[in-house]
Amino acid sequence: MAKSAPRITSFDHVLAGDKDSDNKTKFHLRSLSTTQKMEITDTINAGAGSAVYWKLVRYGLLGWENFLDENDKQTAFSESMSENIERLTPAQIIEIGLEILKASSLTDEERKN
(Lines give C-alpha, C1' and ligand atoms only; values in the text may rest on other atoms or scores of the structure.)
Protein backbone atom coordinates (compact mmCIF):
# COMPACT_ATOMS: atom_id res chain seq x y z
CA MET A 1 0.00 0.00 0.00
CA ALA A 2 1.33 3.44 -0.92
CA LYS A 3 1.71 6.01 1.82
CA SER A 4 1.78 9.78 1.67
CA ALA A 5 4.91 11.79 2.30
CA PRO A 6 5.66 12.51 5.96
CA ARG A 7 4.29 15.72 7.41
CA ILE A 8 6.58 18.69 7.78
CA THR A 9 7.82 18.79 11.37
CA SER A 10 9.30 21.63 13.40
CA PHE A 11 12.14 21.12 15.85
CA ASP A 12 14.86 23.01 17.72
CA HIS A 13 18.60 22.59 17.30
CA VAL A 14 21.53 23.71 19.44
CA LEU A 15 24.87 23.89 17.62
CA ALA A 16 27.44 21.29 18.64
CA GLY A 17 29.81 23.97 19.95
CA ASP A 18 27.05 25.43 22.11
CA LYS A 19 25.82 22.22 23.78
CA ASP A 20 27.75 22.78 27.03
CA SER A 21 27.01 26.50 27.23
CA ASP A 22 24.80 27.89 29.97
CA ASN A 23 23.46 30.42 27.47
CA LYS A 24 22.63 28.27 24.42
CA THR A 25 21.40 29.63 21.11
CA LYS A 26 18.36 27.70 19.93
CA PHE A 27 17.62 27.52 16.20
CA HIS A 28 14.01 26.80 15.23
CA LEU A 29 13.97 24.54 12.18
CA ARG A 30 11.60 22.46 10.09
CA SER A 31 11.84 19.56 7.71
CA LEU A 32 11.40 20.06 3.97
CA SER A 33 8.35 19.60 1.79
CA THR A 34 8.45 17.03 -1.01
CA THR A 35 8.94 19.75 -3.61
CA GLN A 36 11.81 21.24 -1.63
CA LYS A 37 13.44 17.81 -1.26
CA MET A 38 13.27 17.37 -5.02
CA GLU A 39 14.85 20.78 -5.59
CA ILE A 40 17.64 19.97 -3.12
CA THR A 41 18.26 16.68 -4.94
CA ASP A 42 18.52 18.53 -8.26
CA THR A 43 20.99 20.99 -6.70
CA ILE A 44 23.11 18.14 -5.33
CA ASN A 45 23.06 16.36 -8.71
CA ALA A 46 24.14 19.58 -10.43
CA GLY A 47 27.24 19.64 -8.21
CA ALA A 48 26.43 22.99 -6.61
CA GLY A 49 27.88 22.20 -3.18
CA SER A 50 27.50 25.39 -1.17
CA ALA A 51 24.15 26.21 -2.81
CA VAL A 52 22.73 23.05 -1.23
CA TYR A 53 23.36 24.32 2.30
CA TRP A 54 22.08 27.80 1.47
CA LYS A 55 18.81 26.34 0.12
CA LEU A 56 18.42 23.97 3.07
CA VAL A 57 18.72 26.85 5.53
CA ARG A 58 16.55 29.12 3.38
CA TYR A 59 13.73 26.56 3.46
CA GLY A 60 14.17 25.16 6.94
CA LEU A 61 15.20 28.02 9.26
CA LEU A 62 12.18 29.40 11.12
CA GLY A 63 13.87 31.54 13.76
CA TRP A 64 16.29 31.62 16.66
CA GLU A 65 16.54 32.47 20.34
CA ASN A 66 19.50 33.95 22.16
CA PHE A 67 21.59 34.58 19.02
CA LEU A 68 24.11 37.31 19.83
CA ASP A 69 25.97 39.65 17.47
CA GLU A 70 29.63 40.66 17.73
CA ASN A 71 28.68 43.17 20.48
CA ASP A 72 26.80 40.55 22.53
CA LYS A 73 23.44 42.08 21.58
CA GLN A 74 20.45 39.95 20.63
CA THR A 75 20.17 39.44 16.88
CA ALA A 76 16.58 39.85 15.73
CA PHE A 77 15.24 37.35 13.21
CA SER A 78 14.45 39.30 10.04
CA GLU A 79 11.58 38.93 7.59
CA SER A 80 14.33 38.68 4.94
CA MET A 81 15.73 35.15 4.86
CA SER A 82 18.77 36.40 2.92
CA GLU A 83 19.58 38.78 5.80
CA ASN A 84 19.18 35.95 8.32
CA ILE A 85 21.51 33.66 6.39
CA GLU A 86 24.09 36.45 6.10
CA ARG A 87 24.21 36.57 9.92
CA LEU A 88 25.32 32.92 10.08
CA THR A 89 28.89 31.70 9.69
CA PRO A 90 29.64 29.12 6.99
CA ALA A 91 30.09 26.45 9.70
CA GLN A 92 26.69 27.32 11.20
CA ILE A 93 25.04 27.17 7.76
CA ILE A 94 26.50 23.72 7.13
CA GLU A 95 25.53 22.31 10.54
CA ILE A 96 22.01 23.73 10.41
CA GLY A 97 21.60 22.58 6.81
CA LEU A 98 22.67 19.04 7.71
CA GLU A 99 20.17 18.95 10.59
CA ILE A 100 17.37 20.04 8.24
CA LEU A 101 18.44 17.43 5.69
CA LYS A 102 18.58 14.72 8.36
CA ALA A 103 15.09 15.62 9.60
CA SER A 104 13.83 15.50 6.01
CA SER A 105 15.37 12.16 5.03
CA LEU A 106 13.24 9.13 4.40
CA THR A 107 13.36 6.31 6.92
CA ASP A 108 14.04 2.73 5.81
CA GLU A 109 10.31 2.00 6.14
CA GLU A 110 9.40 4.98 3.96
CA ARG A 111 11.93 3.90 1.28
CA LYS A 112 10.16 0.51 0.95
CA ASN A 113 7.00 2.23 -0.32
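Just above sits the structure.
Residues numbered from 1 in each chain as written. Predicted model: local features only at pLDDT ≥ 70, side-chain atom pairs only at ≥ 80, totals over all residues. Heavy atoms only, no water.

Asks: Even after reading the chapter, I still don't get the overall build of the protein, so can you show me in this structure?
Replies: When you go through the protein residue by residue, the secondary structure sums to 5 helices and 3 strands. Taking all 113 residues of the protein together, the buried fraction comes to 32%. Summed over all atoms, the accessible surface of the protein reaches about 7500 Å², with 51% contributed by carbon and sulfur. With 14 positive and 18 negative side-chain charges, the protein shows a spacing of 8 Å between the two charge centroids. (Helix = DSSP H or I, 4+ residues; strand = E, 2+ residues; numbered from the N terminus. Buried < 20%, exposed > 50% of the residue type's maximum accessible area, 1.4 Å probe, protein only. Areas by Shrake-Rupley, 256 points an atom, 1.4 Å probe, with all protein chains shown as cover. Lys, Arg positive; Asp, Glu negative; His and termini not counted. Charge placed at Lys NZ, Arg CZ, Asp CG, Glu CD.)

Asks: Please explain the sheet that holds strand β3 (residues 61–65) as it appears in this structure.
Replies: Two orientations exist for strands paired in a sheet by backbone hydrogen bonds: parallel and antiparallel. Pairing is antiparallel across the open sheet formed by 3 strands, whose spatial order is β1-β2-β3. On the outer flanks of this sheet lie β1 (10–13) and β3, each paired with one strand and no other. Within this sheet the neighbouring strands show an average axis-to-axis angle of 20 degrees, counted without direction. Bridging between strand β2 (residues 26–30) and β3 involves 4 bridges; their strand directions are antiparallel. Along β3, the bridge assignment pairs K26 with E65. In the packing of helix α2 (residues 49–60) onto the sheet, the strands contacted are β2 and β3, and the crossing angle to β3 comes to about 75 degrees. (Pairing = 2+ DSSP bridges. Axes fitted to C-alpha atoms, helices over the stretch in contact; angles between N-to-C directions. Contact = heavy atoms within 4.5 Å.)

Asks: What is the right way to read the packing of aromatic side chains from this model?
Replies: Each aromatic ring pair is described using two quantities: the centre-to-centre distance and the angle formed by the ring planes. Scanning the entire structure with this criterion turns up 4 aromatic pairs. For the ring pair F27 and W64, a centre distance of 6.3 Å and an interplane angle of 85 degrees mean the geometry is edge-to-face. Within this pair, whereas F27 is found in strand β2, its partner W64 is found in strand β3, the two being separated by 37 residues in sequence. Exposure remark for F27: the relative accessible area of 0% places this residue in the buried category. Note on W64: relative accessible area 9%, which makes it buried. Taken together, the ring pairs in this structure connect F27, W64, F67 and F77 into an aromatic cluster. (Phe/Tyr/Trp six-rings, centres within 6.5 Å; stacked < 30°, edge-to-face > 60°.)

Asks: Would you take a moment to explain the pattern of salt bridges for this structure?
Replies: Pairing between side chains of opposite charge can happen when their charged atoms approach one another. Tallied over the entire structure, the rule returns 2 salt bridges. Note that K55 is salt-bridged to E39, the shortest N-O span being 3.1 Å. A residue pair is termed long-range when its members are at least 10 positions apart, and K55 in helix α2 and E39 in helix α1 (residues 34–45) qualify at 16 residues. (Salt bridge = Lys/Arg side-chain N within 4 Å of Asp/Glu carboxyl O.)

Any functional reading would require information that these geometric values do not contain.
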